[in-house]
Amino acid sequence: MSQFARAASRGIHFAKGQIPQRPKAHVINGKLPDDLASRYKAAFILIYQQIPRLLQFDQKEKIRVLLGREDRSHKKGSKADWNSFGGKREKDANGKYIETDCKITALRELHEETRGIFQRYDGDIVRQMNEGKKVYNPNGDYVTFLIRLDSEEEDFPTEFLATPNHIECKQDMLRWFTLSEVRDARATRSFKIEGEDQPIAPVLGCVSYFLNDTNLSLSNEEK
């Protein structure tokens, strides 16, 4: 669907010769408006946390994000890429959406892509989904929930590898990345890991804008 057709479907019309501008992703605090919640096509969760003080080698680095690497070796010409956790809204055999809430989609995808290791946090995650900040991107109609899980005792990447893959999870690794690493990866479209360029998913780009501003992410006592 062209930009003009997409805009017209939402009641937006352009004068002859006018070039439509791509709508920008924006942060929503609290409840997602009903019109956005009903037309979403995909939903994601980006887990972040304050970097534990023992690991704060650079005082400017306050936040890190947890990403998963999806194994795409089964697809011709594709490489593994890094992304937050999420995917498309499920449909039935007739192409009708069977998921009515983007929180359901995002939570289902999170558990599928992390072998269920975050199920014990469901209560906290759902609370943050309802009350916290999320990023809505009209270019594709997808929502990304920003979920903060601070824990100096939990080693999520190691726990993921030690958990049996009973649900055929396509992710083969979890890893923490600082915001500087995410910003650099947005510019080059890949992370440099052990001398190898590993691509990042395009949808990760706009979400990093939110976390670039620590005022939105950390309380005054933590800055």
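Going by the structure above, here's the rest.
In this text the structure is predicted, and so the values were computed from the model without any measurement.

Some words on the nonpolar core
- Membership of the largest hydrophobic core comes to 28 residues, with the highest contact counts inside it found for Ile 45, Ile 47, Phe 118 and Ile 125.
- For this core, the secondary-structure elements that each account for two or more residues are strand 2 (42–50), helix 3 (102–113), helix 4 (122–131), strand 7 (142–148), helix 5 (156–162) and strand 8 (171–178).
- Counting residues per element, this core draws most heavily on helix 3, at four residues.
- The residues touching Ile 45, leaving out its near neighbours within four places in the chain, are Ser 84, Phe 85, Ala 106, Leu 107, Leu 110, Ile 125, Met 129, Phe 145 and Ile 147.
- Counting 15 residues, the second largest nonpolar core, distinct from the first, contains Leu 46, Tyr 48, Leu 67 and Val 135.

Notes on the packing of helix 3 against helix 4
- Where helix 3 meets helix 4, the axes come as close as 11 Å, and the angle between the chain directions of the two elements is 145 degrees. Crossing angle aside, the handedness with which helix 3 passes helix 4 is right-handed. Of helix 4, the residues touching helix 3 (which contributes Lys 103, Ala 106, Leu 107, Leu 110 and His 111) are Asp 122, Ile 125, Val 126, Met 129 and Asn 130.
- Considered class by class, the residues forming the contact of helix 3 with helix 4 number six nonpolar, two polar and two charged.

Topic: the pairing of strand 6 (residues 133–137)
- Summarising burial for strand 6: four of the five residues are buried, a large majority.
- Where strand 1 (residues 26–29) meets strand 6, four bridges bridge the pair, whose relative direction is antiparallel. Each bridged residue has a counterpart across the sheet, and for Val 27 the counterpart in strand 6 is Val 135.
- Bridge count for strand 6 against strand 7 is four bridges, and the pairing is antiparallel. Its bridge partner being in strand 7, Lys 134 is matched across the sheet by Phe 145.
- In textbook terms, the turn of a hairpin is the stretch between consecutive antiparallel strands, and for strand 6 and strand 7 this stretch comprises four residues, one of which, Gly 140, has a positive phi near 120 degrees.

Calculation criteria
Residues numbered from 1 in each chain as written. Predicted model: local features only at pLDDT ≥ 70, side-chain atom pairs only at ≥ 80, totals over all residues. Heavy atoms only, no water. Core = buried A, V, L, I, M, F, W, Y, C linked by side-chain atoms within 4.5 Å. Buried < 20%, exposed > 50% of the residue type's maximum accessible area, 1.4 Å probe, protein only. Helix = DSSP H or I, 4+ residues; strand = E, 2+ residues; numbered from the N terminus. Contact = heavy atoms within 4.5 Å. Axes fitted to C-alpha atoms, helices over the stretch in contact; angles between N-to-C directions. Left-handed = near helix turned anticlockwise from the far one by under 90°. Nonpolar A, V, L, I, M, F, W, Y, C, P; charged D, E, K, R; others polar. Pairing = 2+ DSSP bridges.

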